[in-house]
Amino acid sequence: MLSRGALVVTVCAVLYVLNGFLIGWAHAYEVLTGITSPAAVRPQWCAWPLSLTGWAAIPAVIGAAAGYVITEQIQAHHARELGDVLDELRRLAEHPLPPPSSGSGT
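Let us look at the structure shown here. (Residues numbered from 1 in each chain as written. Predicted model: local features only at pLDDT ≥ 70, side-chain atom pairs only at ≥ 80, totals over all residues. Heavy atoms only, no water.)

Considering the packing of aromatic side chains
Inspection of every chain in the model, using the stated rule, returns 2 aromatic pairs. Judged by centre distance (5.7 Å) and plane angle (55 degrees), the rings of Tyr16 and Trp25 are tilted. Judged by relative accessible area, Tyr16 falls into the partly exposed class, the value being 25%. Given the relative accessible area of 40%, Trp25 is considered partly exposed. Linked through ring pairs, Tyr16, Phe21 and Trp25 together constitute an aromatic cluster. (Phe/Tyr/Trp six-rings, centres within 6.5 Å; stacked < 30°, edge-to-face > 60°. Buried < 20%, exposed > 50% of the residue type's maximum accessible area, 1.4 Å probe, protein only.)

In structure tokens:
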């Protein structure tokens, strides 16, 4: 995603704009999303690459973005080293914290 994502998105955008001018913006959207077959529009030579892009590249870019976000979230939760966590647990086991006072004054 980070290395080739911009290239893939650029190619998708260029294909969409080209098809928008040649077959119409509504048809370009419908071919890209798979609503309309590229065989149903004219000229077909530009609709087929757009259709393949919509079928393969768009889900790949979305999946890569989701994977990146999920990986970042997991790494944020694992920011502490396991050894540090175990040392803290051992320290707490040897010298437990006093119980909190109830503060009722009785």
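Structural notes on the side chain of Thr53
Along the chain, the position of Thr53 falls in helix α3 (residues 44–77). Classification of Thr53 as buried rests on a relative accessible area of 11%. (Helix = DSSP H or I, 4+ residues; strand = E, 2+ residues; numbered from the N terminus.)

As for the nonpolar core
One finds Leu15, Ile23, Ala28, Val31, Leu32, Val41, Cys46, Ala47 and Leu50 forming the largest nonpolar core, which totals 9 residues. Going through the elements one at a time, α1 (5–23), α2 (25–33) and α3 are the ones with two or more residues in this core. The residues contacting Ile23, other than those within four sequence positions of it, are Ala28, Val31, Val41, Arg42, Pro43 and Cys46. (Core = buried A, V, L, I, M, F, W, Y, C linked by side-chain atoms within 4.5 Å. Contact = heavy atoms within 4.5 Å.)

Structural notes on α1
Taking 1.5 Å of rise per residue, 19 residues should cover 27 Å, and α1 covers 26 Å from first to last C-alpha, within 8% of that figure. Three or more residues of α1 are buried, namely Gly5, Cys12, Leu15, Asn19, Gly20 and Ile23. Here the buried residues of α1 occupy an arc of 140 degrees about the axis, which is enough to place them on one side. In α1, the exposed positions angled more than 90 degrees off the buried face are occupied by Ala6, Leu7, Val14 and Phe21. Residues of α1 that are buried make contact with α2 and α3. Count one or two residues on from α1 and you reach Gly24, which has phi positive near 100 degrees. (Expected span 1.5 Å × (residues − 1). Arc of directions from axis to C-beta.)

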